[in-house]
Amino acid sequence: MVRLEDVTLRYRPDAAAALAGLTCAFPAGGFTWLMGPSGAGKSSLLKLLHLAVRPSAGRLDVLGTAVHAARRQDLPGLRRRIGVVFQDFRLLPHLDVLENVALPLRIAGRGEKQLLADATEMLRWVGLGDLMRARPEALSGGEQQRVALARAVVARPALLLADEPTSNLDEQQARRVVALLREMHRLGSTVIIATHNEALTQEHPAATLRLAGGRLVSHG
Ligand SMILES: Nc1ncnc2c1ncn2[C@@H]1O[C@H](COP(=O)(O)OP(=O)(O)OP(=O)(O)O)[C@@H](O)[C@H]1O
Ligand SMILES: [Mg+2]
């Protein structure tokens, strides 16, 4: 359901390749850890998968769409089926926490009452029930990270991507976040998580894709 074939990504034509000749597949409904040292290309791979950048060369298929060949107008519909927890959160500063989390449901056209109930439930789940009316800037890094997680999962995306979603959290919160990601997997989402946290991956053994220098090291 997500497949890369000999994919290369250069941020500028004259720059070194951030990803070089990458071939790999993520089966539908799978759970994969994405690992590798800083600069290995983990965030770059996730950017390709949520359509923020296009491959410089090679073939990329995401949820049945050939992204390398797709027309620009075909991508927004596909993007709405993908949930992302960004490494830098990217919450909307002019919206409160509840409205940040409700946004994907608004875009999906859900009714007002249901979307507020769903967003509220999700925020309670990540332990932020008391901060729903706060602005993102008034939250700690770890609280913002949990808002970003709630926003990514609230619309039950087919593909869920998380870029180091536990980097700002204490151990207990990190466990809770991983429990939520595993629950999304259990409900049918394909889940790919970039992390440096070896302890967490050992606690939850799953398929692991390792990158180094923009190349595939192992996938098993
Ligand atoms: N927007 C960008 N413009 C130019 N080069 C970039 C850009 N983003 C990343 N790179 C380069 O691409 C390579 C891979 O970076 P990437 O962010 O994918 O690594 P990473 O594995 O996510 O690292 P980290 O663990 O530090 O988050 C690096 O050499 C980086 O400098
Ligand atoms: Mg990164």
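Details of the structure are given in the entry above.
In this text, all values refer to a predicted model and were calculated from it rather than measured experimentally.

**Q** Explain the sheet that holds strand β2 (residues 19–26) here, please?
**A** In sheet architecture, strand pairing relies on hydrogen bonds along the backbone and comes in two forms, parallel and antiparallel. Strands sit in the order β2-β1-β4-β5 across an open sheet of 4 strands; the sheet is antiparallel. Edge strands, defined here as strands with exactly one partner in the open sheet, are β2 and β5 (65–66). Of the strand pairs in this sheet, strand β1 (residues 2–9) and strand β4 (residues 57–62) are connected by 5 bridges, and their pairing is antiparallel. Residue pairing in the sheet places Glu-5 in a bridge with Arg-59 of β4. Against the sheet, helix α1 (residues 42–49) touches β1, β2 and β4, its axis set at about 120° to β1.

**Q** Looking at this structure, how should I read helix α3 (residues 97–107)?
**A** Helical geometry note: an α-helix holds 3.6 residues per turn, so side chains three or four residues apart project in the same direction. Buried residues of α3: Val-97, Leu-98, Asn-100, Val-101, Ala-102, Pro-104 and Leu-105, and no others. Looking at the buried side of α3, the elements it contacts are α4 (112–125) and α5 (141–153). Count one or two residues on from α3 and you reach Gly-109, which has phi positive near 80°.

**Q** Would you mind showing me how to read the site of ligand 1 here?
**A** Around ligand 1 sit Tyr-11, Ala-18, Gly-36, Ser-38, Gly-39, Ala-40, Gly-41, Lys-42, Ser-43 and Ser-44, and that is every residue in its neighbourhood. Considering only residue class, the shell around ligand 1 consists of 3 nonpolar, 6 polar and 1 charged.

About the criteria used
Residues numbered from 1 in each chain as written. Chains lettered and ligands numbered in written order. Predicted model: local features only at pLDDT ≥ 70, side-chain atom pairs only at ≥ 80, totals over all residues. Pairing = 2+ DSSP bridges. Helix = DSSP H or I, 4+ residues; strand = E, 2+ residues; numbered from the N terminus. Contact = placed C-beta atoms within 7 Å. Axes fitted to C-alpha atoms, helices over the stretch in contact; angles between N-to-C directions. Buried ≥ 20, exposed ≤ 12 C-beta atoms within 10 Å, placed from the backbone. Near = placed C-beta within 6 Å. Nonpolar A, V, L, I, M, F, W, Y, C, P; charged D, E, K, R; others polar.

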